[in-house]
Amino acid sequence: MNASSNAIRYRTLAGTVLTQFALGSVYTWSLFNAQLSHKLGEPVSQVAFAFGLLSLALAVASSMAGKLQERFGVRKVAIASGLMLGLGFYLTSQANNLIMLYLCAGLLVGFADGAGYLMSLSNCVKWFPERKGLISACAIGAYGLGSLGFKFINLALLSHFSLEATFQLWGLIAMTMVVAGALLMTDAPKQPAAAQTGGSRDYSLAEAMRQPQYWMLALMFLTVCMSGLYVIGVAKDIGESFVHLSTATAANAVAVIAVANLSGRLVLGVLSDKMPRIRVITIAQIAALAGMLTLLFAPLNASLFFAAIACIAFSFGGTITVYPSLVSDFFGLNNLTKNYGVIYLGFGIGSIVGSIVASLFGGFLATFHLILALLIVALLFSLTIRQPGAAQANKQDFDAEPHLGKA
């Protein structure tokens, strides 16, 4: 790669990290539930549903981002994402009922976030085919750090400004960062098959979806997302009602999850460049399985509870970091945004299925048992799955070898 191309890809990496940091700010949403509940005169549970809609819209938009990039290019779509994000937060500041909150904070902000998230991540990974795991860790780590950084930014804004002004300033800051990052990005060139890990050929979305491996990967992804998102969303409540911790002690779950989540992104992301990525996913699944078994069957105290949720958060963070590169290993780099986009719908589905099961069947335990069963199936999948065409390639290699005794 020449010096000019090298400069372009590192500039794209810098822009992607900046954009991902701003997009990750949506995970500070819980800071606003209480004040929005007071403003709208609605229960916190109904206000918090806006974040569930946001997660679902984010996943749906991510599945569509590949088509948008093909037509308009990464820079224009990312700029539009930033402008839409700013508009979404401004309209959220004006919301005076639940429907408007759901439309603005849920659907509009979620769609804007998803349109920029997966597209910019996949484009950046394509620029670094030799270090896909490390680049995913950098980009998705920035997304995770965005929630931590904006926690302090938004708390500072809330302490000096009204709720409405805080949403507007948050939107302005995030929009500026996303647009600035977008201006640094360039669409990655198409990769020849020889440059891809393992020499895998490129599958179109239609071709990939005809492969059983595609749906095995999709179920594995949905399972880890369901376990991570459900436990992250209700960790404090689990600590109080399930483990009988004090409110102050249970609140420490938020910090434990943040550290474990980021550790999973960095550790498993880097590890995925040093060993087969499917084995890294197996490690993540075993960690999640250990955490879920502990929550279900161990005599819980504070230490065991924090260790269990740390395992689940570590698994979740690592999985969403490694998965873009894993999908490219199976189905090629050039159509990664579209091929991973449909699998990424599991993020949105997982964000709501756990809560639905809990509400229908009586709380945490029902969801924990479902997740445990799915984790066992997913682990079996990860231990037995092979890349498309691997069996045929092995047969061809065998047929090509000279056989003793053959006339």
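The text that follows walks through the structure, step by step, so that each part is easy to find. Treat the numbers as computed from the prediction; the structure is a model and nothing was measured.

Calculation rules
- Residues numbered from 1 in each chain as written.
- Predicted model: local features only at pLDDT ≥ 70, side-chain atom pairs only at ≥ 80, totals over all residues.
- Heavy atoms only, no water.
- Salt bridge = Lys/Arg side-chain N within 4 Å of Asp/Glu carboxyl O.
- Helix = DSSP H or I, 4+ residues; strand = E, 2+ residues; numbered from the N terminus.
- Buried < 20%, exposed > 50% of the residue type's maximum accessible area, 1.4 Å probe, protein only.
- Axes fitted to C-alpha atoms, helices over the stretch in contact; angles between N-to-C directions.
- Parallel < 35°, antiparallel > 145°, perpendicular 65-115°, else oblique.
- Left-handed = near helix turned anticlockwise from the far one by under 90°.
- Contact = heavy atoms within 4.5 Å.
- Nonpolar A, V, L, I, M, F, W, Y, C, P; charged D, E, K, R; others polar.
- Patch = residues over 30% accessible without salt bridge, like charges linked within 9 Å, V, L, I, M, F, W, Y side chains within 5 Å.
- Areas by Shrake-Rupley, 256 points an atom, 1.4 Å probe, with all protein chains shown as cover.

### A look at the pattern of salt bridges
Thought 1: By the definition in use, this model includes 7 salt bridges.
Thought 2: The salt bridge involving Asp 329 is made with Arg 277; its shortest N-O contact spans 2.9 Å. Here the residue Asp 329 occupies a position in helix H13 (residues 302-331), and Arg 277 occupies one in helix H12 (residues 277-297), the gap between them amounting to 52 residues.
Thought 3: Residue Arg 277 is classed as buried on the basis of its relative accessible area, which comes to 8%.
Thought 4: Salt bridges sharing partners connect three or more residues here, namely Lys 132, Asp 273, Arg 277 and Asp 329.

### Quick word on the packing of helix H5 (residues 98-127) against helix H6 (residues 132-160)
Thought 1: Packing of H5 against H6 leaves a shortest axis separation of 9 Å and a crossing angle of 155°. By the angle between their axes, H5 is roughly antiparallel relative to H6. Note that H5 runs across H6; the crossing there is right-handed. When H5 is examined against H6, the residues Asp 113, Tyr 117, Leu 121, Cys 124 and Val 125 are found in contact with a partner set consisting of Lys 132, Ile 135, Ser 136, Ala 139, Ile 140 and Tyr 143.
Thought 2: Its residues placed into classes, the contact of H5 with H6 shows 8 nonpolar, 1 polar and 2 charged.

### Observations concerning the packing of helix H2 (residues 33-40) against helix H3 (residues 44-72)
Helices that pack against each other are described as a pair by the angle of their axes relative to one another and the distance between those axes.
Thought 1: Two numbers describe how H2 lies on H3: the axes approach to 9 Å, and their chain directions differ by 120°. It follows that H2 is oblique to H3 by the angle criterion. For the element pair H2 and H3, the recorded crossing hand is right-handed. Between H2 and H3, the contacting residues are Asn 33, Leu 36 and Ser 37 on the first element and Val 44, Val 47 and Ala 48 on the second.
Thought 2: Residues of the contact of H2 with H3, tallied by class, amount to 4 nonpolar, 2 polar and no charged.

### Some thoughts on a nonpolar patch on the surface
Thought 1: A surface patch of nonpolar side chains, about 210 Å² in accessible area, is lined by Leu 56, Val 60 and Met 64.
Thought 2: By the secondary structure assignment, Val 60 is in helix H3.

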